[in-house]
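Structural description and commentary
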Amino acid sequence: MIKYKLICNDCKLMFDSWFASSHEYEKLKKKNFLNCVNCKSEKVEKTLMTPQLMNNSKKKDIKKKEIKIKDVKRKIKEYQKFIKNNFEYVGKNFAYEARTIHYENKKKDKGIYGTASTDEMKELHDEGINAEIIPWIKDENN
Ligand SMILES: [Zn+2]
């Protein structure tokens with residue numbers, strides 16, 4: 001079911017009317033089966049207001065999902081902030097830097113983070129170097 005706000009071009013009355021679908025509305029309109037509830041004029045048109053669907057549980061579901069995604073994104077961003085504050089960014093040199101720390105026993109006061117390909121990650125793992133893959137959202141600001 002879909003609800004349209006209809007307007008009568010004769011008496012300018014606005015009223016709501018339910019239709020099975022937008023298609024049904026078009027059909028009735030074509031056959032001049034739409035009448036103004038007040039003056040019975042056939043010059044009835046739908047206004048450009050957003051139609052309301054009677055069954056909006058789907059909408060709610062979408063909203064719920066959006067909230068969930070927002071929630072996850074917020075958590076990832078918090079995590080990113082933590083990493084940015086506590087780790088040193090090494091960009092694409094991540095694999096190199098990770099090896100330097102591992103093999104030369106270079107102790108940095110901060111851990112490192114950066115980007116690495118899946119191959120590099122696999123190699124590091126094979127060499128016994130601990131590296132975690134975390135989801136990363138690109139900052140819109142920079
Ligand atoms: Zn009317």
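The structure displayed is predicted, hence computed values, not measured ones.

1. Remarks on helix α4 (residues 118-126)
Among the nine residues that make up α4, zero are buried, leaving the element largely open to the surroundings. Backbone geometry just after α4 places G128 at a positive phi near 80 degrees.

2. Section: the pairing of strand β1 (residues 2-8)
Where β1 and strand β2 (residues 14-19) come together, six bridges link them in antiparallel fashion. Among the inter-strand pairings, I7 is bridged to a residue of β2, identified as M14. Taken together, β1 and the strand that follows it, β2, pair antiparallel across an intervening segment of five residues, in which K12 is found at a positive phi of about 65 degrees. Where β1 meets strand β3 (residues 44-46), three bridges bridge the pair, whose relative direction is antiparallel. Residue pairing in the sheet places L6 in a bridge with K46 of β3.

3. A short note on the confidence of the model for the chain
Looking at the chain as a whole, the pLDDT averages 86, with 91% of positions reaching at least 70. Within the chain, the lowest mean pLDDT, 60, falls on strand β4 (residues 52-53), and the highest, 93, falls on helix α1 (residues 22-30).

4. Some words on the nonpolar core
In this structure, Y4, L6, C8, F19, L34 and V44 together form the largest nonpolar core, which totals six residues. For this core, the leading source of residues is β1, giving three residues. Not counting the four nearest positions on each side in its chain, F19 is found in contact with I2, Y4, E24 and Y25.

5. With respect to the pairing of strand β6 (residues 111-114)
Bridge count for strand β5 (residues 87-91) against β6 is four bridges, and the pairing is parallel. Within the sheet, the bridge partner assigned to F87 lies in β6 and is G111. With helix α3 (residues 94-103) bridging β5 and the parallel β6, this β-α-β connection has right-handed handedness.

6. A short note on unusual backbone geometry
Phi is positive for N32, which is not a glycine, with a value near 55 degrees. Positionally, N32 belongs in the loop between α1 and β3. Residue classification places N32 among the exposed positions, given that 10 C-beta atoms sit within 10 Å. The phi angle at K40 is positive, at roughly 65 degrees, despite the residue not being glycine. Its place among the elements puts K40 in the loop between α1 and β3. Note on K40: 11 C-beta atoms within 10 Å, which makes it exposed.

About the thresholds
- Residues numbered from 1 in each chain as written.
- Predicted model: local features only at pLDDT ≥ 70, side-chain atom pairs only at ≥ 80, totals over all residues.
- Buried ≥ 20, exposed ≤ 12 C-beta atoms within 10 Å, placed from the backbone.
- Helix = DSSP H or I, 4+ residues; strand = E, 2+ residues; numbered from the N terminus.
- Pairing = 2+ DSSP bridges.
- pLDDT = per-residue confidence, 0-100.
- Core = buried A, V, L, I, M, F, W, Y, C linked by C-beta atoms within 7 Å.
- Contact = placed C-beta atoms within 7 Å.
- Right-handed = clockwise from strand over helix to strand, strands pointing away.

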